[in-house]
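Survey of secondary and tertiary structure
Now for the letters of each chain:
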Amino acid sequence: MTHVQKRGLCWLIAGVMTAALMAFVLLCTDVTFAANDDSSIMRAFMGYESSDPARVHLFIHGLLAQPLALLGTWFPGLPWFTYVQLALLALSAVVIAKSIMQSFVKHGRSMIAGALMAASFLLILCLKYMTLLTFTQTAAMLGAAAAAQLMSIEHERGAKHVIVGVAGALALVCLSYALRQNALLPMLAFCGLIFLAQLWECAEKKLPLRPMFISLAMIALVLGGMVGFRSLELSQPEMQDYLAWQEANTEIMDYTGIRNIPQEGFDAVGWDENDLAMAERWCFLSPDISTEAFQTLTEYVHEADTATIAQRLEKAWKLFCQTAAENRQDMRALVIAGFAALCCVVLACCERKPRQLFSMLGMIVLAAAMTAYLAMEGRLPLRALLIALLPPSAFFFAVMPEAISAWSKKVPPAFYAAILLTSLICASETVPGLLIDEEEQWNSGNALTDLEEYAVYEPESLFLYDMSLTITDMRAFPPFPDGVPHNVSFWGGWPLRSPQSIQQFANYDIDLMNFQPEDLLRDNVYVASATIDPPPTVLLDWLRTEVSPDIECELYSEYGYVYIFQFCEY
């Protein structure tokens, strides 16, 4: 079999494995979002708020935002953000699988062994993240594919092959950046380390370095253009204000925690008990809950922070242990990747291969440093941890044949079979929790789905919903049989005060940036909740303090699992 035929066969096998995996995911598992951030992003590109799909988004780069907006305009009512994520995950899986196989072929190993290792990676580190979607995890998977793609490049085959191979990895990095801006620097660090190791390899083998420098110039040009375009997108006045608001409230709400701030801090911004109660429930309707207030609170927290390095490290370690305890199945999968890394490092040390050791230890140090940084910042959910751990995992699966080649000319098939069996056992523990449970879906219902069905027939009314609907909204494929409602909004969170939500409120003659408590007393403004007891007392207390003590909250309507309230003054 010729080299070209082997490469084509690697692509074919990878495509078949990924197609089988995707078929299982779509037919047998309950595909949902792992975090409600994705739900808000999906709705933004559906024109959920103002009927006009977002063309500039806080999180999504214009490289993806513009096509998503066009799709939302041409084919309204469809969850294009979900479809795009699934397509990107499938692309990542194909590239990772074919790259692992090509790495085995490249170093004189059996393609079958490479296929077994590729299948292991897909089972333990792709399957779950194709079912529980979040754009951060998808960005991490694209970064892993970029790292694996670089590892499969055969520099001996000439300049064209090198440049095309690097261009493929660059495209994956760009897509990762387009999904999650914070992913760019980690991906550049991992891929940059691989690039340096390959530059070293070319120098060792006296191969031409010109293709590598051309590739480096290409990377700088493309990424520079993408970063410049993103800066231009965010330079619009409305996006600048929104970005400042988002950065200010994220620091307090996501990192510090509103209840971890002493009363002295709230006194400095003039918040009373009602403002504090609203902010704690992510209700940002009060004009006192402003960008300036959050910025002042951030300054206060930084000034009051007297923790020592030892205390920070202790807190970071506790946070890491908490994340590991909450995600035991994911940790077991990552332990398998860690075992592969350990084997590769040991082999590189035994054979005294400095170039291999440089790249392997560098990957471990980078992953550990990124994990430590996230923990020190107090922000270590699983999706953030995967940004630091998935690319190194793909690297070690792809570098394994090189490490093995330095150790032995022949590896027993049982070695690869054992890794595949371990992966199957690991996957068998994960799969039951991902399968569709039709009985549970039928019995549980979804309050936000009910609200949307109700609201679409009341277009003249504006419905604000609370956290009881938000925390359970993980729908990747929300049904809109009667059309997308444009009169439903969460009363807070990061989507509020976006250009789209400002326009949505303006459609009902409400100035969102100067929202007044009297706006809640309008005949066409309602508050929805998944619970009837208690009613939305946080807003009721605010109205009684700011407007009149005679205001009451009445149950206006009940539809399915949602309760709709209205405020009235007697």
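So, here is what we can say about the structure in this document. Sequence order sets the numbering: in each chain, residues are counted from 1 along the sequence as written. This being a predicted model, a pLDDT of at least 70 is required before a residue's local features are given, and a value of 80 or more before pairs of side-chain atoms are given or counted; all residues contribute to the totals for chains, interfaces and linings. Only hydrogens and water are set aside; all other atoms, that is, all heavy atoms of the structure, feed into the side-chain values.

This paragraph deals with the overall build of the chain. Scanning the chain for helices and strands turns up 24 helices and seven strands. The reference for a compact globule is 2.2 Å times residues^0.38; the radius of gyration itself is calculated from the C-alpha atoms. Its C-alpha atoms give the chain a radius of gyration of 26 Å, near enough to 25 Å, the size a compact globule of 570 residues would have. Overall, the chain is about 85 × 55 × 40 Å in size when its C-alpha atoms are taken along their principal axes. Contacts are assigned to residue pairs that have any heavy atoms within 4.5 Å of one another. For the chain, restricting intrachain contacts to residue pairs at least 6 apart in sequence, the fraction spanning at least 24 positions comes to 76%. All accessible-area figures derive from a Shrake-Rupley calculation using a 1.4 Å probe, and residue coverage is judged against the displayed protein chains alone. For the chain, the accessible surface area stands at approximately 24600 Å², while carbon and sulfur atoms represent 61% of it. Charge counting follows a simple rule: Lys and Arg are positive, Asp and Glu are negative, and His as well as the terminal groups are ignored. Where a charge sits is defined by one atom per residue type, namely NZ (Lys), CZ (Arg), CG (Asp) or CD (Glu). With 33 positive and 58 negative side-chain charges, the chain shows a spacing of 24 Å between the two charge centroids. Think of it this way: any DSSP run of H or I at least four residues long counts as a helix, any run of E at least two long counts as a strand, and we number them from the N terminus.

This next bit is on the side chain of Ser 393. Considering the arrangement of structural elements, one finds Ser 393 in helix α18 (residues 382-407). Polar contacts, as counted here, are pairs of nitrogen or oxygen atoms within 3.5 Å of one another; within protein the pair requires one atom able to donate a hydrogen and one able to accept it, and residues that are adjacent in sequence qualify only if both atoms are side-chain atoms. There is a polar contact of 2.7 Å between the side chain of Ser 393 and the backbone oxygen of Leu 389. Contacts of Ser 393, omitting those with residues within four sequence positions, involve Phe 121, Leu 125, Leu 334 and Ala 337.

With respect to the helices, strands and loops of the structure, Gln 500 is situated in helix α23 (residues 499-506). Here Gln 500 falls in the buried class, since its relative accessible area comes to 14%. Those residues in contact with Gln 500 that lie beyond four places of it in its chain are Glu 49, Ser 50, Asp 52, Ala 54 and Val 56. Type-normalised accessible area, obtained with a 1.4 Å probe on protein chains alone, sets the label of each residue: buried when under 20%, exposed when over 50%, and partly exposed for intermediate values.

Next up on the list: helix α17 (residues 354-376). In this scheme, a helix's expected span is set at 1.5 Å multiplied by one less than its residue total. For α17, which comprises 23 residues, the first-to-last C-alpha distance of 32 Å matches the rise-based estimate of 33 Å (1.5 Å per residue) to within 8%. Listed as buried for α17 are Arg 355, Gln 356, Ser 359, Met 360, Gly 362, Met 363, Ala 367, Met 370, Thr 371, Leu 374 and Ala 375.

Between Lys or Arg on one side and Asp or Glu on the other, a salt bridge is scored when a side-chain nitrogen of the former is within 4 Å of a carboxyl oxygen of the latter. One pass over the full model with this rule turns up 14 salt bridges. A salt bridge links Glu 280 to Arg 259, with the nearest nitrogen and oxygen atoms 3.0 Å apart. One end of the pair, Glu 280, is in helix α13 (residues 273-280); the other, Arg 259, is in the loop between α11 (237-256) and α12 (263-269), with 21 residues separating them in the sequence. Across the salt bridge formed by Arg 544 and Glu 552, the nearest N and O atoms sit 3.0 Å from each other. Among the ionic contacts, a cluster of salt bridges with common partners joins Arg 43, Glu 452, Asp 473 and Arg 475.

Attention shifts here to the pairing of strand β5 (residues 525-529). Of all five residues in β5, five are buried, a share of seventy percent or more. Relative to β5, strand β3 (residues 462-465) runs parallel, the two sharing four bridges. Paired with Tyr 465 across the strands is Ala 528, a residue of β5. In this sheet, strand β7 (residues 562-569) lies alongside β5 in antiparallel orientation, the contact comprising three bridges. Counted as the bridge partner of Ser 529 is Tyr 563 from β7. Strands are labelled as partners when DSSP assigns at least two bridges between them.

It is worth spelling out the environment of Pro 262 at this point. Mapped onto the secondary structure, Pro 262 falls in the loop between α11 and α12. Judged by its relative accessible area of 44%, Pro 262 is partly exposed. Along the primary structure Pro 262 and Tyr 300 are separated by 38 residues, whereas in three dimensions their C-alpha atoms are 9.7 Å apart.

This brings us to the state of the cysteines. In what follows, a disulfide is any cysteine sulfur pair within 2.5 Å. One pass over the full model with this rule turns up zero disulfides. Take Cys 568: it sits in no disulfide, and the sulfur closest to it among the cysteines is that of Cys 553, at 8.6 Å.

Here the focus is the packing of helix α7 (residues 135-151) against helix α8 (residues 159-179). Each axis is a line fitted through C-alpha atoms, taken for helices only over the stretch in contact, and angles between the N-to-C directions span 0 to 180 degrees. Between α7 and α8, whose axes approach to 8 Å, the crossing angle comes to 170 degrees. Considered as vectors, α7 and α8 are oriented roughly antiparallel to each other. Where α7 abuts α8, its residues Phe 135, Thr 138, Ala 139, Leu 142, Gly 143, Ala 145, Ala 146, Gln 149 and Leu 150 lie against Gly 165, Val 166, Gly 168, Ala 169, Leu 172, Val 173, Leu 175, Ser 176 and Leu 179. Throughout this entry, Asp, Glu, Lys and Arg are counted as charged residues, while Ala, Val, Leu, Ile, Met, Phe, Trp, Tyr, Cys and Pro are counted as nonpolar. The remaining residues, Gly among them, count as polar. Within the contact of α7 with α8, the residues separate by chemical class into twelve nonpolar, six polar and no charged. Any angle that is under 35 degrees is reported as roughly parallel, and any over 145 degrees as roughly antiparallel; angles of 65 to 115 degrees are reported as roughly perpendicular and all others as oblique.

The next subject is the packing of helix α9 (residues 184-204) against helix α10 (residues 210-234). The N-to-C vectors of α9 and α10 enclose an angle of 170 degrees; their axes lie 12 Å apart at closest approach. Of the possible angle classes, the one that applies to α9 and α10 is roughly antiparallel. In this structure, α9 contributes Leu 184, Leu 188, Phe 195, Gln 198, Leu 199 and Cys 202 to the contact, and α10 contributes Met 212, Ser 215, Leu 216, Leu 223 and Val 227. For the contact of α9 with α10, a count of residues per class yields nine nonpolar, two polar and no charged.

Turning our attention to the environment of Ala 394. Secondary-structure assignment places Ala 394 in helix α18. When its relative accessible area of 0% is taken as the criterion, Ala 394 is described as buried. Expressed as a C-alpha distance, the spacing of Ala 394 and Leu 9, which sit 385 residues apart in the sequence, is 20 Å. Beyond its immediate sequence surroundings of up to four residues, Ala 394 is in contact with Phe 121, Ala 144 and Ala 148.

We now examine α13. Most of α13 is tucked away, with six of its eight residues classed as buried. Listing the buried residues of α13 in full gives Asn 274, Asp 275, Leu 276, Ala 277, Met 278 and Ala 279. As for α13, its buried residues are in contact with α11, α12 and α24 (537-546).

Here the focus is a nonpolar patch on the surface. A grouping of Leu 26, Leu 27, Leu 70, Trp 74, Phe 75, Leu 78, Tyr 83 and Phe 477 is seen on the molecular surface, where their side chains present a nonpolar patch of about 800 Å² in accessible area. Elements supplying a minimum of two residues to the nonpolar patch: α1 (3-28) and α3 (62-74). Along the chain, Phe 75 falls in the loop between α3 and α4 (80-106). Look at Phe 75 and you get partly exposed, because its relative accessible area is 44%. Within this analysis, patches are made of residues with over 30% relative accessible area and no salt bridge. Like charges are joined at 9 Å or less; nonpolar side chains (Val, Leu, Ile, Met, Phe, Trp, Tyr) at 5 Å or less.

Looking now at a negative patch on the surface. Where like charges cluster on the molecular surface, the negative patch consists of Asp 272, Glu 273, Asp 288, Glu 518 and Glu 546. Examined against the element boundaries, Glu 546 turns out to sit in helix α24.

Moving on, we come to the sheet that holds strand β4 (residues 488-490). The strand order β4-β3-β5-β7-β6 describes an open sheet built from five strands, whose pairing is mixed. Strand pairing shows two members of the sheet lacking a second neighbour, β4 and β6 (551-559), which therefore form its edges. Across the sheet, the axes of successive neighbouring strands diverge by a mean angle of 30 degrees, strand direction being ignored.

Here we take up the packing of aromatic side chains. In this description, an aromatic ring pair is defined by two values, namely the gap between the centres and the angle between the planes. Centre distance within 6.5 Å is the pairing criterion for rings of Phe, Tyr and Trp, where only the six-membered ring of Trp is used; planes under 30 degrees apart are then read as stacked, over 60 as edge-to-face, and the remainder as tilted. Across all of its chains, the model carries 22 aromatic pairs by this definition. Centroid distance Trp 200 to Phe 358: 5.7 Å. Interplanar angle 55 degrees. Geometry classified as tilted. One end of the pair, Trp 200, is in helix α9; the other, Phe 358, is in helix α17, and 158 residues separate them in sequence. Positioned over the ring face of Phe 59 is Arg 180, at 5.5 Å from the centre of the ring. The criterion for a charge sitting over a ring is simple: Lys NZ or Arg CZ within 6 Å of the ring centre, and within 35 degrees of the ring normal. Its end group placed over the ring of Trp 245, Arg 497 keeps NZ or CZ at 4.0 Å from the ring centre.

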